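Descriptive structure summary
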Amino acid sequence: MARPKIALIGAGQIGGTLAHLVALKELGDVVLFDIADGTPQGKALDIAEAGPSEGFDATIKGTTDYADIAGADVCIVTAGVPRKPGMSRDDLLGINLKVMKSVGEGIAAHAPNAFVICITNPLDAMVWALREFSGLPHNKVCGMAGVLDSARFRHFLSLEFNVSMKDVTAFVLGGHGDTMVPLVRYSTVAGIPLPDLIDMGWTTQEKMDAIVQRTRDGGAEIVGLLGNGSAFYAPATSAIEMAEAYLKDQKRVLPCAAYVDGNYGLDGFYVGVPTVIGAEGVERVVEIKMNKDEQDMFDKSINAVKGLVSACKEIDNSLA
Ligand code: A3D
């Protein structure tokens, strides 16, 4: 059986890391696409030259021609610009919307059967626009954010409790922005919910509140430290987890930006919700029960996402 073909649209910091991870994990052959001629070709050759030492079997091709993504099984989209210190994700909207138009048209023309994972910010609005521009089925287009935000939450919790990250599960819902909703009640250490761990004296409410805030600010913390560009190792790893779930039909339960079509009483846009990812793409949206506080935070986050989608429609009349 032929190897799966994985197209990476955008060969910047995340795109290059994605290509390296796909090769190391032998998930398939890679086509690395970018408009900056030389960058995708250079990175592809560099990664291919790691093959003899790593011992992976994969072809890595760099290109500026959309025709090379033909027939891709998975497309991961990072094309666009990242944040600079002091910028919010939303400041990227106008410029990245134009990029989504060209990427959506490229995917529609050459890889209409692909499972598409968008990473470009502002995530919830860009994945919605990418779906609109590409015309692909909603279940085949989703956004990566929840896996990363949850991973950040899990990392901070494992540090607080001094336990393995493997035993920490965590949940983050809503839009990928300052209003994201880390759900303390649904986050656990080996099945023990965080509120119980507070009762058991493992931590305090104040410390939990601080960790929730650090999770919300997780992207900005790295933007501030780097001074030039945004996080890329963990974002790439998170998207690979989603791609692998699709390619291997794992039916993983992963939070991602999915199209809501009546779920949570919402419809017509993308927002971070728990999903099941398998061979059909986003196979299910999992609807959890929220208490009043959680629902209030979720509603606030939904309003922020709706505002961004409206802004997209104002900028590009074809989306209205
Ligand atoms: P960067 O290293 O700048 O790479 C972006 C690449 O996109 C560059 O190589 C550009 O040449 C290329 N590009 C620009 N326009 C086009 C186009 N029209 N077609 C094809 N390629 C194009 O950025 P990065 O890799 O660090 O980040 C990529 C995106 O991911 C940014 O929008 C970030 O804000 C976003 N991001 C999202 C998360 C989430 O959790 C959702 C996390 C981190 C970064």
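The model shown is predicted, which means the values in this text are computed figures rather than measured ones.

**Brief notes about the site of the ligand**
Around the ligand, a shell composed of 27 residues is seen, among which Gln13, Ile14, Asp34, Val81 and Ile119 lie nearest. Gln13 is positioned with one of its backbone polar atoms (N or O) 2.8 Å from an oxygen atom of the ligand. Elements represented by at least two residues in the shell around the ligand include exactly helix H1 (13–24) and helix H4 (93–110). Considering each element in turn, the shell around the ligand owes the most residues, three residues, to H4. Counted by class, the shell around the ligand contains 16 nonpolar, 10 polar and one charged residues.

**Describing the packing of H4 against helix H5 (residues 123–134)**
Contact pair H4 / H5: the axes reach a minimum separation of 8 Å and the direction vectors enclose 35 degrees. Regarding H4 and H5, the two cross each other, and that crossing is right-handed. In contact with Leu93, Asn96, Leu97, Met100, Lys101, Val103, Gly104, Glu105 and Ala108 of H4, H5 contributes Ala125, Met126, Ala129, Leu130, Phe133 and Ser134. A per-class count over the contact of H4 with H5 returns 10 nonpolar, three polar and two charged.

**A look at the UniProt feature "active site" (unreviewed entry) in the chain**
Those residues carrying the UniProt feature "active site" (unreviewed entry) are His176 in this numbering. If you trace the backbone, His176 turns up in the loop between strand E8 (172–173) and strand E9 (181–182). Contact partners of His176, with chain neighbours within four places excluded, come to Arg89, Asn121, Leu123, Asp124, Ala145 and Asp149. A polar side-chain atom of His176 sits 3.1 Å from a polar atom in the side chain of Arg89.

**Here's the deal with the pattern of salt bridges**
Following the criterion strictly, the structure yields 12 salt bridges and no others. Of the charged contacts in the structure, one is a salt bridge between Arg3 and Asp29, with a shortest N-O distance of 2.8 Å. Taken together, the residues Arg3 in the segment before strand E1 (5–9) and Asp29 in strand E2 (residues 29–33) connect sequence positions 26 residues apart. For Arg3, a relative accessible area of 40% translates into the label partly exposed. For Asp29, a relative accessible area of 19% gives the class buried.

What counts, and where the lines are drawn
Residues numbered from 1 in each chain as written. Predicted model: local features only at pLDDT ≥ 70, side-chain atom pairs only at ≥ 80, totals over all residues. Heavy atoms only, no water. Near = heavy atom within 4 Å. Polar contact = N/O pair within 3.5 Å; in protein donor to acceptor, adjacent residues only side chain to side chain. Helix = DSSP H or I, 4+ residues; strand = E, 2+ residues; numbered from the N terminus. Nonpolar A, V, L, I, M, F, W, Y, C, P; charged D, E, K, R; others polar. Axes fitted to C-alpha atoms, helices over the stretch in contact; angles between N-to-C directions. Left-handed = near helix turned anticlockwise from the far one by under 90°. Contact = heavy atoms within 4.5 Å. UniProt positions renumbered as here; feature names shortened; annotations may be inferred. Salt bridge = Lys/Arg side-chain N within 4 Å of Asp/Glu carboxyl O. Buried < 20%, exposed > 50% of the residue type's maximum accessible area, 1.4 Å probe, protein only.

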